[in-house]
Amino acid sequence: MMALLVRDLAIATRSGGAAMLGVLFFLAVVAVIPFGIGPDLNLLGRIGPAILWIGALLASLLGLDRLFQADREDGSLDMLVMQDWFSLIFTVFVKSLAHWLATGLPLVLAAPLLGLLMNMGAAATGAVMLTLLVGTPAISFIGAVGAAVAVVLPRGGLLVSILILPLAIPILIFGVSAAYAAVTDPDPFWPPFMILSAIALFFAALGPVAAAAALKGASD
Amino acid sequence: MFFWVFGFLRMGAPDVLWRPGMRGPMQAVATELKGRRGDNVLFADISFSLGHGEALVITGPNGSGKSTLLRILAGLLSPDSGAFALIGEGGEPVPVSDHCHYLGHRNAMKRELKVSENLAFWQSFQRSDSGEGLPVEEAIDRVGLTGVGHLPFGYLSAGQQRRIALARLLVSHRPLWLLDEPTAALDARSDRLFAELVRTHLASGGLAIAATHQPLGLDGVRTLELPGIHATVAGGAWA
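Residues numbered from 1 in each chain as written. Chains lettered and ligands numbered in written order. Predicted model: local features only at pLDDT ≥ 70, side-chain atom pairs only at ≥ 80, totals over all residues.

- Under an unreviewed UniProt entry, chain B has the name Heme exporter protein A and belongs to Hoeflea halophila.
- Of chain B, the UniProt comment under Sequence similarities (unreviewed entry) reads exactly: "Belongs to the ABC transporter superfamily." (UniProt positions renumbered as here; feature names shortened; annotations may be inferred.)

- The name given to chain A in an unreviewed UniProt entry is Heme exporter protein B, with Hoeflea halophila as the source organism.
- According to the UniProt record, the Subcellular location (unreviewed entry) comment for chain A reads "Cell inner membrane".

See below:
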């Protein structure tokens, strides 16, 4: 399974890989906001955490459809699906993890830079990074389900995003509210952050099982 | 409607090939397999039994269900009825998924990765307890492509890619080979090379089931011909 993680990371980081694509999209979405809103620094600072979260969510959804489709196109998916149930679930988990390491983690690391563009303070930037660190894996794990359901569709990219978006909304809500709670005084930070962590753990447990079931059913 | 019965063409396992240190004899038994696509029954009553060191070649016209049968054997599709099982040395059934190599139409290799990286990945991913495979470099040598290990898989020609896909069968040892058109895109010399690989595999007690039009050049290979007559299930599309 370690080999699978290394392979998926190698593919993502080599030419034409998905790793840079997500970060560039994130950069593009967030960088145009100040130009659209205008130089109102207070407003930018206020909407900053939400904009970063929306950008990160959309960027995470961007490459999800390739998660299993690339393996299906070259025939590797047959070998993955041929395994027994437990191994297949674990395989999906590892692939989702590799997907997060290649596309989600760079978003977290790029967040401080984009926080500057949004006139966010150090505390707000730190809170956004922390919530993204917990929230983006959840998007990858639940995204695997959508990717597995749409694996037989030749152009399932948008479908995956639409399938996953309702499930990703709670992640966005609690991620943004935790990030705001860290900077606005009376609001407590921990309750929304704990719920976000719980969602991440729940999706990490549920996503691989559901995706494995979808992959077993989709083999034709 | 009629069914095609292929009896249990049992042959005695060639004991001369059996040497100490090799894995125990393994048997592949299919009983009355029936497969269909949609409401077309592609084949029915397919029964066979392979002892160790035996091979079965599946022939038939296009669309007769050769690939479907192989995917059913690999466990990728479930049969309409019937069963396929691998019987281990102790007489107990062993999971097919851990003991077979499936080579489909596509090569299961990543274009972006080097040939050696691809093979090393499959070696570690498909590691099995039934025996050690060849080292990656040696497997590349065995398919006659010495020195391509450092090239990205995408640089190779179609025939070379197919030969590397065959090398995947060598890097981890699994007793049953399921091969779907293994010699597609191969030239005549590579055909012989492929036959040699299968012969070596069978000689070490392995089993092979291949869907191919090419004569494998093997002795004592049994043939299963799928007639390719589509019979529609009585009772409508969802019967």
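### Here we look at the overall build of chain A
- Scanning chain A from terminus to terminus reveals nine helices and zero strands.
- Sequence-ordered secondary structure for chain A, helices as α and strands as β, is α-α-α-α-α-α-α-α-α.
- Over its C-alpha trace chain A gives a radius of gyration of 18 Å, about what one expects of a compact globule, namely 17 Å for 220 residues.
- In terms of overall dimensions, chain A has C-alpha extents of about 55 × 35 × 30 Å along its principal axes.
- Classification of the 220 residues of chain A by burial places 49% in the buried group.
- Residue pairs in contact within chain A that sit at least 24 positions apart in sequence constitute 80% of those at least 6 positions apart. (Helix = DSSP H or I, 4+ residues; strand = E, 2+ residues; numbered from the N terminus. Rg over C-alpha atoms; globule rule 2.2 N^0.38 Å. Buried ≥ 20, exposed ≤ 12 C-beta atoms within 10 Å, placed from the backbone. Contact = placed C-beta atoms within 7 Å.)

### What to know about the overall build of chain B
- In terms of helices and strands, chain B carries six helices and ten strands.
- The buried share among the 239 residues of chain B stands at 43%.

### As for unusual backbone geometry
- Phi is positive for Asn119(A), which is not a glycine, with a value near 55°.
- Looking at where Asn119(A) falls in the secondary structure, it is placed in the loop between α6 (85-117) and α7 (122-149).
- Looking at Asn119(A), the number of C-beta atoms within 10 Å reads 18, which means it is partly exposed.
- One non-glycine residue with positive phi stands out, namely Ala108(B), at about 60°.
- Tracing the backbone through its elements, the reader meets Ala108(B) in the loop between β6 (100-103) and α3 (115-125).

### A word on the interface of chain B and chain A
- Each partner contributes to the interface: chain B provides 19 residues, whereas chain A provides 17 residues.
- Residue contributions to the side of chain B that touches chain A peak at three residues, all from α3(B).
- Its residues assigned to classes, the side of chain B that touches chain A shows ten nonpolar, six polar and three charged. (Nonpolar A, V, L, I, M, F, W, Y, C, P; charged D, E, K, R; others polar.)

### What to know about the confidence of the model for chain B
Residue and element names in this part refer to chain B.
- On average, residues of chain B score 80 in pLDDT, and 82% of them are at 70 or above.
- Contacts of residues 1-22 to residues separated by more than four positions or lying in other chains number 28 contacts, the stretch itself having pLDDT below 50.
- Among the prediction metrics, the complex's ipTM stands at 0.86, with pTM recorded as 0.87. (pLDDT = per-residue confidence, 0-100.)

### Re the UniProt feature "transmembrane region" (unreviewed entry) in chain A
- The UniProt feature table records "transmembrane region" (unreviewed entry) at residues 12-37, 43-64, 85-102, 122-151, 158-183 and 189-215 of chain A.
- Each end of residues 189-215 of chain A is marked by a C-alpha atom, and these two atoms are 38 Å apart; helix forms 96% of the span and strand 0%.

### As for the sheet that holds strand β9 (residues 222-225) of chain B
All names here are of chain B.
- Across the sheet, which stays open at both edges, the five strands sit in the order β6-β7-β8-β3-β9 with parallel pairing between neighbours. With partners counted over all chains shown, the strands left at the sheet margins are β6 and β9, one partner each. When the angles between neighbouring strand axes are averaged without regard to direction, this sheet yields 15°. (Pairing = 2+ DSSP bridges. Axes fitted to C-alpha atoms, helices over the stretch in contact; angles between N-to-C directions.)

### Structural notes on the packing of α7(A) against helix α9 (residues 190-218) of chain A
All names here are of chain A.
- Two numbers describe how α7 lies on α9: the axes approach to 7 Å, and their chain directions differ by 20°. With respect to α9, the element α7 is oriented roughly parallel. Along this stretch, α7 crosses α9, giving a crossing that reads as left-handed.
- Of the residues contributing to the contact of α7 with α9, the split by class is 21 nonpolar, four polar and no charged. (Parallel < 35°, antiparallel > 145°, perpendicular 65-115°, else oblique. Left-handed = near helix turned anticlockwise from the far one by under 90°.)

### Here's the deal with the pairing of strand β7 (residues 176-180) of chain B
All names here are of chain B.
- Burial within β7 is extensive, with five of its five residues counted as buried.
- Alternating positions in β7 separate into two faces, Leu176, Leu178 and Asp180 on one and Trp177 and Leu179 on the other, with burial throughout.
- Strand direction decides the pairing type here: β6 and β7, joined by four bridges, are parallel. Each residue of the ladder has a partner; that of Leu103, found in β7, is Leu179.

### Thoughts on helix α3 (residues 41-62) of chain A
All names here are of chain A.
- The terminal C-alpha atoms of α3, which comprises 22 residues, lie 29 Å apart, in line with the 32 Å expected from a rise of 1.5 Å per residue.
- Buried residues of α3: Gly48, Pro49, Ile51, Leu52, Trp53, Gly55, Ala56, Leu57, Ala59, Ser60 and Leu61, and no others.
- Packing partners of the buried residues in α3 comprise α2 (19-37), α6, α7 and α8 (157-183). (Expected span 1.5 Å × (residues − 1).)

### Some points on the pairing of strand β4 (residues 81-87) of chain B
Residue and element names in this part refer to chain B.
- As paired elements, strand β1 (residues 27-37) and β4 share six bridges and run antiparallel to each other. What sits directly across from Val29, in β4, is Ala85.
- A loop of five residues connects β4 with strand β5 (residues 93-94), the two strands running antiparallel in sequence, and Gly91 in this loop sits at a positive phi of about 85°.

### A few points about α2(A)
- Under the 1.5 Å per step criterion, the end-to-end length of α2(A) is 29 Å for 19 residues, consistent within 8% with the ideal 27 Å.
- On its buried side, α2(A) packs onto α3 and α6 of chain A.

### Focus: the nonpolar core
- Among the nonpolar cores identified, the biggest contains 133 residues, and Ala148(A) and Leu178(B) are the most heavily contacted of them.
- By residue number, the principal contributor to this core is α7(A), which donates 14 residues.
- If sequence neighbours within four positions are ignored, Ala148(A) has contacts with Phe68(A), Ala211(A), Ala214(A), Leu215(A) and Ala218(A). (Core = buried A, V, L, I, M, F, W, Y, C linked by C-beta atoms within 7 Å.)

### Examining the packing of helix α1 (residues 2-13) of chain A against α3(B)
- Packing of α1(A) against α3(B) leaves a shortest axis separation of 8 Å and a crossing angle of 155°. With respect to α3(B), the element α1(A) is oriented roughly antiparallel. Seen along the crossing, α1(A) lies across α3(B) with a hand that is left-handed. Contacts between α1(A) and α3(B) involve Ala3(A), Leu4(A) and Arg7(A) from the former and Phe121(B), Ser124(B) and Phe125(B) from the latter.
- Residues belonging to the contact of α1(A) with α3(B) are distributed by class as follows: four nonpolar, one polar and one charged.

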